[in-house]
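Here is what each chain is made of, one letter per residue.
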Amino acid sequence: MSSTPKSLFEKVWERHIVEDESADRPAVLYIDLHLVHEVTSPQAFSELEARGLKVRRPDRTFATLDHSIPTLGPDAEGNRPYFTPQAKAQVETLERNTAAHGVKLFGWGSENRGVVHVIGPEMGLTQPGYTVVCGDSHTSTHGAFGCIAFGIGTSEVGHVLATQCLAQRKPKTMRITVNGELKPGVSGKDVALAIIQRLGFGGGTGYALEYTGPVIEALDMEGRMTVCNLSIEAGARCGMIAPDQKTVEWLRGRAYVPADYDAAAAEWLKLKTDDGAVFDDEIVIDGSVIEPMATWGTTPDQGGAISKGVPVASNENEVKALNYMGLHGGDSRSVAKVDVVFIGSCTNGRLADLRAAADILRGRKVAEGVRMLVVPGSEQVRIDAVAEGLDKVFTDAGAEWRLPGCSMCIAMNGDFVAPGQLAVSTSNRNFEGRQGPGSRTVLASPATAAASAIAGHVVDPRDYLQSA
Amino acid sequence: MSNQEPINTFSSRIAVLPEANIDTDQIIPARFLTTTTKAGLGDVAFNDWRYNADGSKKADFILNTIDASEHRVLVGGDNFGCGSSREHAPWALTDFGFKAVISTNIADIFKSNSLKNGLLPIVVTPEIHEKLLKNPQQRVTIDLEANSLTLEDGTVFTFAIEAFARQCLLEGVDAMGWILNRLPSIESYEQKTGKAA
Ligand code: SF4
């Protein structure tokens, strides 16, 4: 019984090795779950067709519509307001491809349609110990369930469709331990932004991350998904968290979980890093000092505690970023007026996120001149939110309540921030023009976004908490 | 098809974009991702840096000042290609005419996507990077057989590249064909692990 101690990552990796890697060959890695959406799949299906191939495991392949679809409903004739004819053609291409290959599509009319990384866990398609891939970098989200989950390009989407496998080199591993206890009013998003700030934008390149420690354990599953979702913003290949009782209870009863649930759960709970396992790198963060965070620059690591204001630039990059953002070092965050607030995305578009925003907005109004858009991450989230009356809280406050989709996170469906406008967004990227040409993005938590909508500038949400 | 022209040795002038953290949204903005083919994406490579709002070209932007057939090597600032998994990014760069991209750090997914499309990602040291940035007019030689990048001043840098990806580039190996050939082991893995359909 003296086998070498292993990390969670190594355990899951080894279970999926079809052929070992060697000096001149990558490993062949088996993929348990492949999620597909309209934007990164058409050329992969074309490749299969050009070779006369079929999707090998349609039972492990699930598709949805999220990136380029309108979040406004159809007109009286049932026509959906697609932003461009190409967007419509792309959706029709996926409808055709999934039908031709026998792949289940959670499309229009499905009560399970939604942002790909929201619906996977929601239906229990995502299960502990799985390998999960999707042609989308935020596939890291599923790591919250103890999966090795990572984004792939379209060529690799083709490889997985054709073989259910990928040629991969094993990445390095890094453990990130978040100690202490979060202050009240600090969320998973704030933890994630603090971790990225510490690692730096490219600091995770080549690594699989494992998040651990009391702060991570105390987060709910939604918060853990937010943390894993943002792994890619430090450049990491994936991020994962060991399954625990919370994971088991969260997945219980979901549509695709194993029939003998308790037996499966008992196996899942064994998936954890052994004492003494060695990581290529280790980072320890004190969670008790993390405050509500907001970015001020044009990469997700350019952020800080809202209470600290806009920092003075310390290098050329930061000068350029502040210029683009129209912010001035040394100013309080209250100086810059906010034009748009977006709540949604695979980072923060789940029910818990909408509740956090609604708790702050309830009985209040969005500031004059601020446009606020709330986009649930999935149909299930939308249905649950409506059942709780959250949609009413948002619309009463003056926000727009939309249908599920990626929307302003990626701004390819017609929902975008106008040139020069400043948006507070619960999404994951504040790159130049990410939310539309010339748009300026501040990344923050749902609570911060909601409070900023009321104030009309970026604020610390703790000043806006109301007792239930 | 994913079969690539083999790459071996070539010489080219460089095109320098010194900005750090050039992400995939800059390389190709998301609104151009509604295509269902790979064709013509070179026209929108760096679209928002390259064109004014009225569609006219920005005269001083590097991609508007060079002859693409002469400048096959793109040198970016620190940390290139971060962001999304869109393979449209290397498709846009290769369609524009680039055969290699150089930076001090290249994001994992962008690197993997590039290697599958005949775009050679080369990670260099800060010293080599500085030499490239300081002389943006220079011609360099890339020899994949020798894993070498030779600068105009004669400096030779040996770069690292994953062995299998290198072989695919050198020999034009078809990655899809390679993984399809693994099907017998894939099937026995599925049997052994109870994952068969
Ligand atoms: S919500 Fe944003 S980050 Fe998430 S899958 Fe959609 S576009 Fe990608």
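Chain B carries the name 3-isopropylmalate dehydratase in an unreviewed UniProt entry, which gives Asticcacaulis aquaticus as its organism. Its UniProt record gives chain B the following Function (unreviewed entry) comment, quoted word for word: "Catalyzes the isomerization between 2-isopropylmalate and 3-isopropylmalate, via the formation of 2-isopropylmaleate."

The name an unreviewed UniProt entry assigns to chain A is 3-isopropylmalate dehydratase large subunit, from the organism Asticcacaulis aquaticus. Quoted verbatim from the Catalytic activity (unreviewed entry) heading of the UniProt record, the comment on chain A is "(2R,3S)-3-isopropylmalate = (2S)-2-isopropylmalate". Entered under Subunit (unreviewed entry) in the UniProt record, the comment concerning chain A runs "Heterodimer of LeuC and LeuD."

Residues and elements named next belong to chain A. Under the UniProt annotation, the feature "binding site: [4Fe-4S] cluster" (unreviewed entry) is placed at Cys-346, Cys-406 and Cys-409. The named residues occupy 64 residues along the chain; their greatest pairwise C-alpha distance, 8.8 Å, places them in one compact cluster. Position of Cys-346 relative to the elements: it lies in helix H12 (residues 345–348). For Cys-346, a relative accessible area of 7% translates into the label buried. Setting aside chain neighbours within four positions, we find Cys-346 in contact with Val-115, His-117, Val-118, His-138, Thr-141, Asn-229 and Asn-428. Tracing the chain through its elements places Cys-406 in the loop between strand E17 (400–401) and strand E18 (422–425). Here Cys-406 is in contact with Asp-66, His-67, Val-115 and Phe-342, once residues within four sequence places are set aside.

Inspection of every chain in the model, using the stated rule, returns 15 aromatic pairs over all chains. Here A:Phe62 and A:Tyr256 contribute two aromatic rings whose centre-to-centre distance is 5.4 Å and whose plane-to-plane angle is 70 degrees, an arrangement assigned as edge-to-face. With A:Phe62 in strand E4 (residues 61–64) and A:Tyr256 in the loop between helix H9 (245–251) and helix H10 (261–268), this residue pair connects regions lying 194 residues apart in the sequence. We classify A:Phe62 as buried; its relative accessible area is 9%. Classification of A:Tyr256 as partly exposed rests on a relative accessible area of 35%. For the pair B:Phe96 and B:Phe98, a centre-to-centre distance of 5.2 Å together with 25 degrees between the ring planes defines the contact as stacked.

Cut-offs applied
The residue count restarts for each chain, going from 1 along the sequence in the order it is written. Think of it this way: whatever chain is written first is A, whatever ligand is written first is 1, and the rest follow in order. Two thresholds apply to this predicted model, a pLDDT of at least 70 for residue-level local features and 80 or more for giving and counting side-chain atom pairs, whereas whole-chain, interface and lining totals are computed over all residues. Water and hydrogen atoms play no part in the side-chain values, which are based on all heavy atoms of the structure. UniProt positions are given in the numbering used here, feature names are shortened, and annotations may be inferred rather than shown by experiment. In this text, helices come from DSSP runs of H or I with a minimum length of four residues, and strands from runs of E with a minimum of two, each type numbered from the N-terminal end. Exposed residues in this analysis have more than 50% of their type's maximum accessible area, buried residues have under 20%, and partly exposed residues fall in between, with area computed by a 1.4 Å probe over protein chains only. Here, residues are in contact when the closest pair of their heavy atoms is within 4.5 Å. Note on ring pairs: Phe, Tyr and Trp rings are taken, using the six-membered ring of Trp, and paired if centres are within 6.5 Å. Classes follow the plane angle, with under 30 degrees stacked, over 60 edge-to-face and the rest tilted.

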